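Survey of secondary and tertiary structure
Here is what each chain is made of, one letter per residue.
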Amino acid sequence: MALIQISDPDSSSSIKKQFSVGIDLGTSNSLIAESINKKVTFFKNGKSELIPSIVYESKKKLLVGDTKESQSVKSIKRLMGLSSKEASSLNINNLNLDLTDDLPYVIINDQKKSAAEISSVILSHLCDIAKKNKNFSVESAVITVPAYFNDVQRQATKLAAEIANIKVLRLISEPTAAAIAYGIDDTKEGNFVVYDFGGGTFDVSVLSIKKGVYKVLSTKGDTHLGGDDIDSLISKHLVKKFKKTENLSTEELLSISKDIKHQLYENDVAINDMYDISITLEDFNKIISSLIDRTIDIFDAAITDSSLLREDIQNIILVGGSSRLKIIKDKIKEKYTISILDHLNPDTVVASGAAIQAE
């Protein structure tokens with residue numbers, strides 16, 4: 001938004017506008033948005049507001065976008081603020097790491113880059129998109145981080161913004177941003193559970209909100225559980241059940257699987273005529289049921305850790321693209337008689353809250 005600095009009538013100093021945004025720096029995708037009078041606008045790259053959190057090298061420059069480059073860097077958020085020792089225990093297959101120093105470095109086309117440096121490339125790209133849309137340079141931002149991020153990980157995020165020449169107005173937790181987007185603000189009090197099922201990670205946070213203060217009572221998650229795992233399960237099923245898919249590459253299988261998943265957000269059957277594929281919602285749910293059960297177990301554990309009773313919880317907020325799956329709502333409703341908030345776009349709700357906070 002444009003903040004106007006009002007000068008004295010006798011002053012000849014010019015009016016200064018400050019362009020402040022909200023940024024959801026995600027594991028799989030990132031978003032950037034602006035709020036004016038709580039009306040949120042997402043800055044798009046082409047037709048989509050979802051910007052892949054993927055960095056690759058081209059002509060000695062680091063660029064951002066979905067790419068077939070073999071040395072592209074994905075899921076860099078998982079390395080933010082970690083030491084080399086901590087990073088060595090992670091199973092991140094797509095990263096070529098140098099763990100000889102205290103900090104882990106990613107090797108990308110013979111360049112050594114820290115997680116903060118890679119993240120700064122993504123942040124700069126987001127700001128470039130905003131500038132093209134708005135004709136203003138981004139000066140400041142509210143940036144979201146997972147609720148489980150510790151001080152070191154938060155400092156790494158601030159460093160990434162500093163490298164990208166962005167003034168950080170505030171870092172807020174992703175579940176807090178989602179609550180803000182749903183209008184749970186200074187005038188509302190209570191306890192809320194945020195179920196956040198993204199492309200690469202899964203998190204549950206229990207929030208207590210009183211007099212405008214947001215407190216995270218508990219958080220649980222799995223940094224290696226997300227929508228990508230659903231796509232992988234469907235891919236294996238396709239190869240077993242549909243003969244025409246036997247010779248497809250892993251990339252092609254995952255693309256078809258993702259499309260099937262998206263079809264079943266709204267429909268009871270998913271079809272791909274090219275490969276004679278037909279999968280019912282019932283069959284789909286059977287394939288992924290064990291994975292969804294894992295998220296419900298984590299959900300239960302987060303509530304237990306919060307020491308809240310079920311009747312103490314006002315709402316469950318669904319966040320992340322994969323939370324659109326019907327089986328998730330069904331399983332939550334089976335166990336909890338708590339009202340679910342899901343009318344906002346789960347892909348963009350965190351960025352919305354960040355933009356509103358920036359305003």
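Just above, that's the structure.
Numbers given for residues are sequential positions, taken from 1 along each chain in its written order. With the structure being a predicted model, the display of local features is reserved for residues of pLDDT at least 70 and the display and counting of side-chain atom pairs for 80 or more, all residues being used for whole-chain, interface and lining totals. Each side-chain value is derived from all of the structure's non-hydrogen atoms; neither hydrogens nor water enter the calculation.

1. Let's talk about the overall build of the protein
The condition that has to hold: Helical segments are the DSSP runs of H or I of at least four residues, strand segments are the runs of E of at least two, and each set is numbered from the N terminus. The quantity called the radius of gyration is restricted to C-alpha atoms. Its globule counterpart is 2.2 Å times the number of residues to the power 0.38. Exposure is judged per residue with a 1.4 Å probe applied to protein chains only, and the accessible area is read against the type maximum: over 50% gives exposed, under 20% gives buried, and values in between give partly exposed. For the accessible areas, the method is Shrake-Rupley and the probe is 1.4 Å, while residue cover comes only from the protein chains on display. We treat Lys and Arg as the positive residues and Asp and Glu as the negative residues; His and chain ends play no part in the count. Taken as the charge location is NZ of Lys, CZ of Arg, CG of Asp or CD of Glu.
Each helix and strand in the protein was counted, giving nine helices and 20 strands. Its C-alpha atoms give the protein a radius of gyration of 21 Å, within 12% of the compact-globule value 21 Å for 359 residues. Taken along the three principal axes of its C-alpha coordinates, the protein extends 80 × 55 × 40 Å. Here the protein holds 359 residues, and 50% of them are scored as buried. On the protein, roughly 18100 Å² of surface is accessible, and the fraction owed to carbon and sulfur atoms is 46%. Charge centroids of the protein, computed over 44 positive and 49 negative side chains, lie 2 Å from each other.

2. Focus: the pattern of salt bridges
Test applied: Just to be clear on terms, a salt bridge is a Lys or Arg side-chain nitrogen sitting within 4 Å of an Asp or Glu carboxyl oxygen.
For the coordinates displayed, the defined rule picks out 17 salt bridges. Among the ionic pairs, Lys134 bridges to Glu34, the shortest N-O distance being 3.0 Å. Here Lys134 is found in helix α2 (residues 115-134), whereas its partner Glu34 is found in strand β3 (residues 29-36), with 100 residues between them in sequence. According to the relative accessible area criterion, Lys134 is partly exposed, its value standing at 27%. Judged by relative accessible area, which is 3%, Glu34 ranks as buried. Lys258 is paired through a salt bridge with Asp231; the nearest N and O atoms lie 3.0 Å apart. Separated by 27 residues along the polypeptide, Lys258 in helix α6 (residues 250-266) and Asp231 in helix α5 (residues 227-241) bring together distant segments of the chain. With relative accessibility at 3%, the residue Asp231 sits in the buried group. In this structure, a network of salt bridges that share partners links the residues Asp98, Asp101 and Lys112.

3. Remarks on the pairing of strand β18 (residues 277-280)
Going by this rule: Here, any two strands with at least 2 DSSP bridges between them count as paired.
The two faces of β18 differ: Ile277 and Ile279 on one face are buried, but Ser278 and Thr280 on the other face are not. Inspection of the sheet shows strand β17 (residues 269-272) paired to β18 by four bridges, in the antiparallel sense. Looking across to β18, one finds that Ile271 is bridged to Ser278. Between the antiparallel neighbours β17 and β18 lie four residues, among them Asp276 with a positive phi of about 50°.

4. Considerations on the pairing of strand β10 (residues 105-108)
Alternating positions in β10 separate cleanly, Val106 and Ile108 being buried on one face and Tyr105 and Ile107 remaining unburied on the opposite face. Here strand β9 (residues 97-98) pairs with β10 via two bridges, running antiparallel. Counted as the bridge partner of Asp98 is Tyr105 from β10. Here three bridges tie β10 to strand β11 (residues 111-113), and the two strands are oriented antiparallel to one another. Within β11, the residue paired with Ile108 across the bridge is Gln111. Connecting β10 to the next strand, β11, in antiparallel fashion are two residues, including Asn109 with a positive phi near 50°.

5. Considerations on unusual backbone geometry
Residues other than glycine seldom take positive phi values, yet Asn37 does so here, at roughly 55°. Within the chain, Ser75 stands out as a residue other than glycine whose phi angle is a positive 55°. Structurally, the position occupied by Ser75 is in the loop between β8 (73-74) and α1 (84-88). With relative accessibility at 12%, the residue Ser75 sits in the buried group.

6. Let's talk about the packing of aromatic side chains
Worth spelling out the cut-off: Only centres within 6.5 Å qualify two rings of Phe, Tyr or Trp (six-membered ring in Trp) as a pair; their planes then separate them into stacked at under 30 degrees, edge-to-face at over 60, and tilted for everything else.
Under the criterion given, the structure shown has eight aromatic pairs. When the centroid spacing of 6.2 Å and the interplanar angle of 90° are considered together, the rings of Tyr195 and Phe197 count as edge-to-face. Like Tyr195, the residue Phe197 is buried in the burial classification. Between Tyr195 and Phe202, the aromatic rings sit 4.8 Å apart at their centres with planes inclined by 70°, giving edge-to-face as the arrangement. According to the relative accessible area criterion, Phe202 is buried, its value standing at 0%.

7. Here we look at the sheet that holds β10
The three strands are arranged β9-β10-β11 in an open sheet whose pairing can be described as antiparallel. Unpaired on one side and paired on the other, β9 and β11 mark the two borders of the sheet.

8. A word on the sheet that holds strand β19 (residues 313-319)
We apply this condition: Fitting a line to C-alpha atoms yields each axis, with helices limited to the stretch in contact; the angle taken between N-to-C directions then spans 0 to 180 degrees. By the convention used here, residues are in contact when the closest approach between their heavy atoms is within 4.5 Å.
In space, the five strands of this open sheet follow the order β16-β15-β14-β19-β20, with mixed pairing throughout. Whereas interior strands pair on both sides, the edge strands pair on one side only; in this sheet they are β16 (213-222) and β20 (339-341). For this sheet, the mean inter-axis angle between neighbouring strands, taken without regard to orientation, is 25°. Inspection of the sheet shows strand β14 (residues 190-197) paired to strand β15 (residues 202-210) by eight bridges, in the antiparallel sense. If you follow Asp196 over to β15, its bridge partner there is Asp203. Here helix α4 (residues 174-181) sits on the sheet in contact with β14, β15, β16 and β19, set at roughly 60° to β15.

9. Brief notes about helix α8 (residues 326-335)
The following threshold applies: The arc in question is traced by the directions running from the helix axis to the C-beta atoms.
Within the sequence span of α8, burial applies to Ile327, Ile328, Lys331 and Ile332. Viewed end-on, α8 has its buried residues packed into an arc of 130°, placing them on one side of the element. Opposite its buried face, α8 presents the exposed residues Lys333 and Glu334, each directed more than 90 degrees away. Structurally, α8 contributes buried residues whose contacts are with β14, α7 (281-306), β19 and β20.

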